[in-house]
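# Inside the fold
The primary structure of each chain is shown beneath.
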Amino acid sequence: MSKAPKTELDAGARGLTADQVKEDTKVATAYLYTPPRDYKDVPCATPIYMSAAWRVESAAHCDQLMIGNGYIYTRMANPTSDAAEAAINLLEGGAGAVLFASGQAAIYSALVAFLKAGDHVVSTYPMYLGAYQIIGAILSRFGIESTFVKPTVEEFRKAVKPNTRVFYAQSPTEHDYIDLEGLAKLATGLENVTTIVDSSGASPYCLKPIKYGIDMALHTATKYLGGHSDIIAGVVTARTPQIYNQLLVTKRLQGAILSPFDSFLLLRGVHTLHVRMTRHCDNADRVVAYLNSHSQVEKVYFPGLPNFNGHEAAKKQMNRYGSRVAFVVKGGKPAGQAFVENMRVMIVAISFGGINTICEHSASMGHGPARMTDEDRRKAQVEDGLIRMCVGLEDAEDIIKDCEHCLQKAKEAAVAAGTD
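Residues numbered from 1 in each chain as written. Predicted model: local features only at pLDDT ≥ 70, side-chain atom pairs only at ≥ 80, totals over all residues. Heavy atoms only, no water.

### Notes on the sheet that holds strand β5 (residues 194-198)
Under the convention used in this document: Two strands qualify as a pair provided DSSP detects at least 2 bridges between them. The numbering of helices and of strands both runs from the N terminus, where a helix is a DSSP run of H or I of at least 4 residues and a strand a run of E of at least 2. In this analysis, axes come from line fits to C-alpha atoms, helices being fitted only over the stretch in contact, and the angle between any two N-to-C directions falls in the range 0 to 180 degrees. Contacts between residues were defined by any pair of non-hydrogen atoms, one from each residue, lying within 4.5 Å.
Read from one edge to the other, the open sheet built from seven strands follows the order β1-β7-β6-β5-β4-β2-β3, with strand pairing classed as mixed. Each of the sheet's edge strands pairs with one partner strand only, and the pair in question is β1 (96-100) and β3 (145-149). Averaged over all adjacent pairs, the angle separating strand axes in this sheet is 20°, with direction ignored. Here strand β4 (residues 164-170) pairs with β5 via five bridges, running parallel. Residue pairing in the sheet places Tyr-168 in a bridge with Ile-196 of β5. Lying over the sheet, helix α8 (residues 180-188) contacts β4 and β5, oriented at roughly 175° with respect to β4.

So, in structure tokens, the structure goes:
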């Protein structure tokens, strides 16, 4: 069984362990433990090991590396990637983290590592469209059944079959938060059911699914963990060594690895996660308060609002509520399109978690006609005027001023189209 890479705090390398420091210190000092080293030759920044293969001392040494820990071939392991995995695992409180080439690769690998023909998956819906398509369209080709349910523990309970082997949930989403502790307890009482939670919308700074008994915490690391919109990456952190090893074997065989260079960029992002997320969350709280009181906004979806579906569980389990906000502008599609097309500080894009405030008009973009029918959008709770926003690191007053400008343009567009 392979051992997960550790940080110096995990190993107690200098007489200091992770439970002796605050969360922000863990983030800033999550260095890979590489014994034995003389500290006079250790770089302050993790190097980028751009090598496909490593020299070995002998044939016997090569065989030894094949069955144990060490570096022989970058698809198997790489010091730069190990450093990023160790840092993320420290934040999640897991038994080991595994990096992937994208969030989509992480989703696919986490599922196929624990499923076979004849098995059954229960998943939340609405959810990330890519995950929905993997479960509903790809896995079904291999004889794996699926049931999609509303994000409550009771709905999961109703959907369980004798062949259910995976509970998959995305939490939080724009509309919902599911009780992770309740979901984990339900799975524990069943036979061989593994829980996977995509908490990309929160980051480990705001939510730690493993703390509540979830088996795997999954992230598109492209988003908050990377934090600068300059990499594509995914990561899954395992609750137990057994789950970690099953993920690791799947990653190595599938080959969807993250490059050393992208691992370096990801680790750089992780080291500033606490600083960025504090600003993200502070700004989001102010923007939500503004939007929630605006006459041109029909409704606001945000985990921190008392009327949010699952707010009470989110209040207990989230450290902060993140910076993803969804809101519906009055006037339908013309108003929603006008909002995003008149932004001056914020930018129009399909992503989240970077330094900029990003918005999309869902019915025209990420859930637009090219990807979904009107009926699909209705099922996914995508209203005609829905704006998905990830509040960035700009000054909150400038974001709010830009929203004011865009809401006025949205109102004018609705009047012109007769949809006001």
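Moving on from the coordinates now.
### Thoughts on the packing of aromatic side chains
Working definition: an aromatic ring pair is given by the centre-to-centre distance plus the angle between the planes. The following threshold applies: Two aromatic rings, drawn from Phe, Tyr or Trp (for Trp, its six-membered ring), form a pair once their centres lie within 6.5 Å of each other, and the interplanar angle then sorts them: stacked below 30 degrees, edge-to-face above 60, tilted otherwise.
On inspection of all chains with the given rule, the structure shows eight aromatic pairs. Between Tyr-125 and Phe-148, the ring centres sit 6.2 Å apart and the planes meet at 70°, which makes this aromatic pair edge-to-face. Taken as a pair, Tyr-125 in the loop between β2 (120-124) and α6 (129-138) and Phe-148 in strand β3 lie far apart in primary sequence, 23 residues in all. Here Phe-302 and Tyr-321 contribute two aromatic rings whose centre-to-centre distance is 6.2 Å and whose plane-to-plane angle is 70°, an arrangement assigned as edge-to-face. Of the two residues, Phe-302 sits in the loop between β8 (297-301) and α13 (311-317) while Tyr-321 sits in the loop between α13 and β9 (324-329), which places them 19 residues apart along the sequence. An aromatic cluster is built from Tyr-125, Tyr-132 and Phe-148, whose rings are joined through pairwise contacts.

### Here we look at helix α11 (residues 260-271)
Here is the rule we go by: Expected helix span is computed as 1.5 Å times (number of residues minus one). Partly exposed residues are those whose accessible area sits between 20% and 50% of the maximum for their type, while under 20% is buried and over 50% is exposed, using a 1.4 Å probe and protein chains only.
Taking 1.5 Å per residue, 12 residues should reach 16 Å; α11 reaches 17 Å between its end C-alpha atoms and fits that length. Buried within α11 are the following residues: Pro-260, Ser-263, Leu-265, Leu-266, Leu-267, Gly-269, Val-270 and His-271. Those residues of α11 that are buried are in contact with α2 (23-28), α4 (79-92), β1 and α12 (273-292).

### Side note on the side chain of His-280
Considering the arrangement of structural elements, one finds His-280 in helix α12. With residues near it in sequence (within four places) discarded, His-280 still touches Tyr-224, Ser-323, Gly-353, Gly-354, Val-391, Gly-392 and Leu-393.

### Regarding the environment of Tyr-177
Here is the rule: Under this definition, polar contacts are N or O atom pairs within 3.5 Å; protein pairs additionally need one hydrogen-donor-capable and one acceptor-capable atom, and for neighbouring residues in sequence, both atoms have to be side-chain atoms.
For Tyr-177, the location among the structural elements is in the loop between β4 and α8. Assessed through its relative accessible area of 2%, Tyr-177 is described here as buried. For the pair Tyr-177 and Thr-152, spaced 25 residues apart in sequence, the C-alpha separation works out to 8.3 Å. Beyond its immediate stretch of four places on either side in the chain, Tyr-177 contacts Pro-151, Ser-171, Pro-172, Leu-207, Phe-308, Asn-309, Gly-310, Ala-313, Ala-314, Gln-317 and Met-318. A distance of 2.7 Å separates polar atoms of two side chains, one belonging to Tyr-177 and the other to Gln-317.

### Digging into the pattern of salt bridges
Counted only if it meets this: Any carboxyl oxygen of Asp or Glu that lies within 4 Å of a side-chain nitrogen of Lys or Arg is treated as forming a salt bridge with it.
Scanning all chains against the criterion turns up 16 salt bridges. Linking Glu-154 and Arg-157 is a salt bridge whose minimum nitrogen-to-oxygen distance equals 3.2 Å. Taken together, the residues span about one helical turn, with Glu-154 and Arg-157 both in helix α7 (residues 153-159) at a distance of three residues. Exposure remark for Glu-154: the relative accessible area of 39% places this residue in the partly exposed category. Exposure remark for Arg-157: the relative accessible area of 46% places this residue in the partly exposed category. The residue Arg-320 makes a salt bridge to Asp-285 at a minimum N-O spacing of 3.2 Å. You can see Arg-320 sitting in the loop between α13 and β9 and its partner Asp-285 sitting in helix α12, a full 35 residues away along the chain. On the accessibility criterion, Asp-285 (34% relative accessible area) is partly exposed.

### Overview of a nonpolar patch on the surface
Convention followed: Each patch groups residues whose relative accessible area exceeds 30% and which form no salt bridge, using 9 Å between like charges and 5 Å between nonpolar side chains of Val, Leu, Ile, Met, Phe, Trp and Tyr. All accessibility values rest on the Shrake-Rupley procedure with a 1.4 Å probe; residue burial counts only the protein chains present in the view.
A grouping of Ile-48, Met-50 and Phe-261 is seen on the molecular surface, where their side chains present a nonpolar patch of about 300 Å² in accessible area. Mapped onto the fold, Met-50 is located in the loop between α2 and α3 (59-67). Exposure remark for Met-50: the relative accessible area of 60% places this residue in the exposed category.

### Description of the sheet that holds strand β12 (residues 386-390)
Spatial strand order, β8-β9-β12-β11-β10: five strands in an open sheet with mixed pairing. The open sheet has two edge strands, β8 and β10 (347-348), and neither has a second partner. Here four bridges tie β8 to β9, and the two strands are oriented antiparallel to one another. Note on β9: the bridge partner recorded for Tyr-301 is Ala-326. Of the strands in this sheet, β8, β9 and β12 are in contact with α12, which crosses β8 at around 150°.

### Observations regarding the packing of helix α14 (residues 332-341) against helix α16 (residues 396-417)
Operational definition: By convention the crossing between two helices is left-handed if the near helix lies anticlockwise of the far one by an angle smaller than a right angle, and right-handed if it lies clockwise. For this classification, Asp, Glu, Lys and Arg are treated as charged, while Ala, Val, Leu, Ile, Met, Phe, Trp, Tyr, Cys and Pro are nonpolar and the rest, including Gly, are polar.
Running from N to C, α14 and α16 cross one another at 145°; their axes reach a closest spacing of 7 Å. In the crossing of α14 with α16, the sense of the turn from one axis to the other is right-handed. Packed against α14, whose contacting residues are Pro-334, Ala-335, Ala-338 and Phe-339, the element α16 presents Cys-403, Cys-406, Leu-407, Lys-409, Ala-410, Ala-413, Ala-414 and Ala-417 at the interface. Here the residues of the contact of α14 with α16 sort into 11 nonpolar, no polar and one charged.

Spatial relationships are all this shows, so hold off on functional conclusions.
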